[in-house]
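Each chain, written out:
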Amino acid sequence: MIPRASPYLLLTLTALLWSGNFVVARGIQGTLPPLAMAFWRWVIALAIIAPFAAAPLWRERALVLRRWKVLALLGILGVGSFNTLVYVGLGSTTATNALLLNSAIPVLIVALAWLFLRQAASGRQITGILVSLLGVAAIVFQASIAGALALRVNPGDLWVFAAVTLWAVYTLALRGRPDEISPVVFLACTFVAGLAAILPFYLGERAAGARMLLNAPGLAAMAYLGVFPSVLAYLFWNAGVAAVGARRAGLFIHLMPVFGTLLAIAFLGESLRTYHVAGIALIVAGIWLATRDPGGRAAWAPAPRA
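Since we're looking at a predicted model, the values are computed, not measured. (Residues numbered from 1 in each chain as written. Predicted model: local features only at pLDDT ≥ 70, side-chain atom pairs only at ≥ 80, totals over all residues. Heavy atoms only, no water.)

Undergrad: Describe in detail the overall build of the protein, supporting the description with residues and values.
TA: On a plain count of helices and strands, the protein comes out with 14 helices and zero strands. From first element to last, N terminus to C terminus, the protein shows the α and β order α-α-α-α-α-α-α-α-α-α-α-α-α-α. The burial tally for the protein puts 48% of its 306 residues in the buried class. Restricting to contacts in the protein with at least 6 residues of sequence separation, those with at least 24 account for 88%. (Helix = DSSP H or I, 4+ residues; strand = E, 2+ residues; numbered from the N terminus. Buried < 20%, exposed > 50% of the residue type's maximum accessible area, 1.4 Å probe, protein only. Contact = heavy atoms within 4.5 Å.)

The following block contains the structure:
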């Protein structure tokens, strides 16, 4: 089912819903442990799409069995790893920091493609990578030379940076996505694989004594996480990309730090610091340098995020 609305509105709503994922996860810290948050988010999402995926999955079962390794890898990276690490990181960093670090994904994709896939990188792209990573460092070290020299970092920022790095790996790994498997079946299979990856860590978290507080805020947060950034945002994103193309759609991802920072200030009482402004300016400048071809067009567009 493709939503009937302006593709630009759908893409804007996607960025807003994904930004809300960071803000809600930060705001609910102490009520929902991070592994429980990740696990039950995807349980809810899988329950919603399962009725739509059941019949196609049965028809495509031979294809799924033949390509299960690729599906499992993509599910572990895109569903099992990214949000789980973000939720862990948000226990000790702000939603604003996490969203700004998330902005480094485009340039990380270019860097990893250059390092591991031997894709040619121009001097302009390499400069963009370095400038963007300098912006990441400005956020992580709070633009403090003394902090950088002493390697004083917020552990939460490191967890989030690990998450965005794995998302960049996931985006590159999507090259191996089986085209013969329908989108809804692909989505369902990656949800299952991601849940299987999260399950042992979730059980370990419970064994250590962490419990969910099933109060009104906790239930509302789980409903939001399971429905809006997990299912609706995917539908909106896919419809928007189909209408305007991946290159143009990819630009809307850069609305996430804007939406997320405003939401974090409004609902979490977070503050926008000078080092945030410096960091995002460097990241955006690096993205502009690294993701433009000589003709000035975007050379990269992000894949749908989990």
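Undergrad: Go over the environment of Leu130 with me, naming the residues and quoting the values.
TA: Turning to its location among the elements, Leu130 is positioned in helix H7 (residues 123-140). Sequence separation of Leu130 and Ala111 is 19 residues, and the distance between their C-alpha atoms is 9.4 Å.

Undergrad: An account of the layout of surface pockets is needed here, citing residue identities and associated values.
TA: Reported here for the second largest pocket is a volume of approximately 220 Å³. Together, Leu100, Ser103, His254, Pro257, Val258, Thr261, Leu262, Leu272, Val277, Ile280, Val284 and Ile287 line the second largest pocket. Across the lining of the second largest pocket, the residue classes tally to nine nonpolar, three polar and no charged. (1 Å grid on protein atoms, 1.4 Å probe; cavity = no way out; pocket = protein on both sides within 12 Å on 5 of 7 lines; lining within 4 Å. Points joined across faces, edges and corners; volume = space filled by probe spheres on them. Nonpolar A, V, L, I, M, F, W, Y, C, P; charged D, E, K, R; others polar.)

Undergrad: Kindly report on a nonpolar patch on the surface, identifying the contributing residues and their values.
TA: Together, Trp114, Leu115, Phe116 and Leu117 make up an exposed nonpolar region whose accessible area comes to about 420 Å². On the secondary structure map, Trp114 appears in helix H6 (residues 105-116). (Patch = residues over 30% accessible without salt bridge, like charges linked within 9 Å, V, L, I, M, F, W, Y side chains within 5 Å. Areas by Shrake-Rupley, 256 points an atom, 1.4 Å probe, with all protein chains shown as cover. Salt bridge = Lys/Arg side-chain N within 4 Å of Asp/Glu carboxyl O.)

Undergrad: How would you sum up the nonpolar core? Please name residues and give values.
TA: Judged by nonpolar contacts, the single largest core of 79 residues is most densely connected at Met37, Phe82 and Tyr87. For this core, the leading source of residues is helix H11 (residues 216-244), giving eleven residues. Leaving out residues up to four positions away in the same chain, Met37 has contacts with Ala25, Ile28, Gln29, Leu32, Tyr87, Met222 and Leu225. (Core = buried A, V, L, I, M, F, W, Y, C linked by side-chain atoms within 4.5 Å.)

Undergrad: Let's hear about the packing of helix H1 (residues 7-27) against helix H4 (residues 68-89): which residues, and what values?
TA: It is at 9 Å that the axes of H1 and H4 come closest, and there the two elements cross at 40°. Taken together, the axes of H1 and H4 lie oblique to each other. Of the two possible hands of crossing, H1 and H4 adopt the one that is right-handed. Along the contact surface, H1 presents Asn21, Phe22 and Ala25, while H4 presents Phe82, Asn83, Val86 and Tyr87. (Axes fitted to C-alpha atoms, helices over the stretch in contact; angles between N-to-C directions. Parallel < 35°, antiparallel > 145°, perpendicular 65-115°, else oblique. Left-handed = near helix turned anticlockwise from the far one by under 90°.)

Undergrad: Break down empty space enclosed by the protein for me, citing the residues and quoting the values.
TA: In the structure shown here, the tally under the stated rule is two cavities of 30 Å³ or more. By volume, the second largest cavity is sized at about 40 Å³. Among the secondary structure elements, those contributing two or more residues to the lining of the second largest cavity are helix H5 (95-102) and helix H13 (256-268). Residue classes in the lining of the second largest cavity are distributed as five nonpolar, three polar and no charged.

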